[in-house]
Amino acid sequence: MSDPHILLVDDERDIRDPLAAYLAKNGLRVSKAENAAAARQQLAGHAIDLVLLDIMMPGEDGLSLAGFIRATTRIPVILLTAKAEETDRIVGLELGADDYVTKPFSPRELLARIKAVLRRADGAGNPVRAPDAEAYAFGPWVLRTGERELVDAEGVAVPLSTGEYNLLLAFVTHPRRVLSRDQLLDLSQGRELAAFERSIDNHISRLRRKIEADPSDPKLVKTVWGGGYTLAAEVRKL
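As a convention, each chain's residues are numbered from 1 in the sequence order in which they are written. For this predicted model, a pLDDT threshold of at least 70 governs which residues receive local features, and a threshold of 80 or more governs which side-chain atom pairs are given and counted, while totals over whole chains, interfaces and linings are taken from all residues. Side-chain measures were taken over the full set of non-hydrogen atoms in the model, leaving aside hydrogen atoms and water.

Our next topic: unusual backbone geometry. Cis peptide bonds are those with omega within 30 degrees of zero, and the linkage from Lys103 to Pro104 qualifies with -10°. Positionally, Pro104 belongs in the loop between strand 5 (99–103) and helix 5 (107–119). The backbone of Arg176 shows a phi angle near 60°, a positive value even though the residue is not glycine. In DSSP terms, a helix is any run of H or I states spanning at least four residues, a strand is any run of E spanning at least two, and both are numbered starting from the N terminus. Tracing the chain through its elements places Arg176 in the loop between helix 6 (162–172) and helix 7 (181–187). Here Arg176 falls in the exposed class, since its relative accessible area comes to 56%. Per-residue accessibility, obtained with a 1.4 Å probe over protein chains only, is compared with the maximum for each type, and a residue is labelled buried under 20%, exposed over 50%, and partly exposed between these values.

Turning our eyes to something else, we now look at the nonpolar core. Counting residues in hydrophobic clusters, the biggest one holds 26 residues, and the most contacted among them are Phe138, Leu143, Leu150 and Phe171. Of all the secondary-structure elements, those providing two or more residues to this core are strand 6 (135–138), strand 7 (141–144), helix 6, helix 7, helix 8 (200–211) and strand 11 (228–231). Contacts between residues were defined by any pair of non-hydrogen atoms, one from each residue, lying within 4.5 Å. For Leu150, the residues in contact, after removing those within four places along its chain, are Phe138, Trp141, Val142, Leu143, Val156, Ala157, Val158, Leu160, Leu168 and Ile211. By size, the runner-up hydrophobic cluster in this structure holds 22 residues, among which are Leu7, Leu53, Leu65 and Val77. We call a set of buried residues a nonpolar core when its members are Ala, Val, Leu, Ile, Met, Phe, Trp, Tyr or Cys and they connect through side-chain atoms within 4.5 Å of each other.

Quick look at the pairing of strand 6 now. Side chains Ala135 and Ala137 of strand 6 all project onto a buried face; the interleaved residues Tyr136 and Phe138 project onto the opposite face, where all are buried too. At least two DSSP bridges between two strands are required for those strands to pair. Across 4 bridges, strand 6 lies against strand 7 in antiparallel orientation. Paired with Ala137 across the two strands is Val142, which belongs to strand 7. Turn length for the strand 6-strand 7 hairpin, with the two strands adjacent in sequence and antiparallel, is 2 residues, and the turn residue Gly139 shows positive phi of about 50°.

Below is the structure:
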């Protein structure tokens, strides 16, 4: 199997070049792009396994490019953000980005996050599918495991990050059961990320913003104080 192919998109050469060299030294193939236009050319011409994407760039910014990547491919995206860009970071995650790293960052930590995200994706940049393509209906939603899609009652797909998808799959396959945070980490294959700041609670919060009519008063994914979380809805296999 060939080394994973990473596309690094950053307009700052003093970040882009040393980081590309570090990743290449650690077993990754790296293509570089200084802006969104160059990144689109790389995406069209190469099989990319993961995109490292700076949010703040001249011209088309990283959020716009992240939205394009998520709408047209299943390639995982890790955002590179500045500390002051919290709102943009949240928007990026809601667009379906799989992770983020705040500048200045440790290249070693970034490498660990890249490997964690790639473990959830196959060599073609497509998320790993469930063993069987199934559909789970709950509330007004349907989760399709074959396409890894969450669709509403009108059939419109809602973008999910890899972590959100894995978490939701754990819920629909264990409905009306109280699942502790440790159980959710194991079921959603998120144990590798537990040491970082993105916790199960963060995933739950973002997931609620996407599936609940009122995220402040959730009816589907409920908190069980002292226990964890439960999917309170009836689940039907279609």
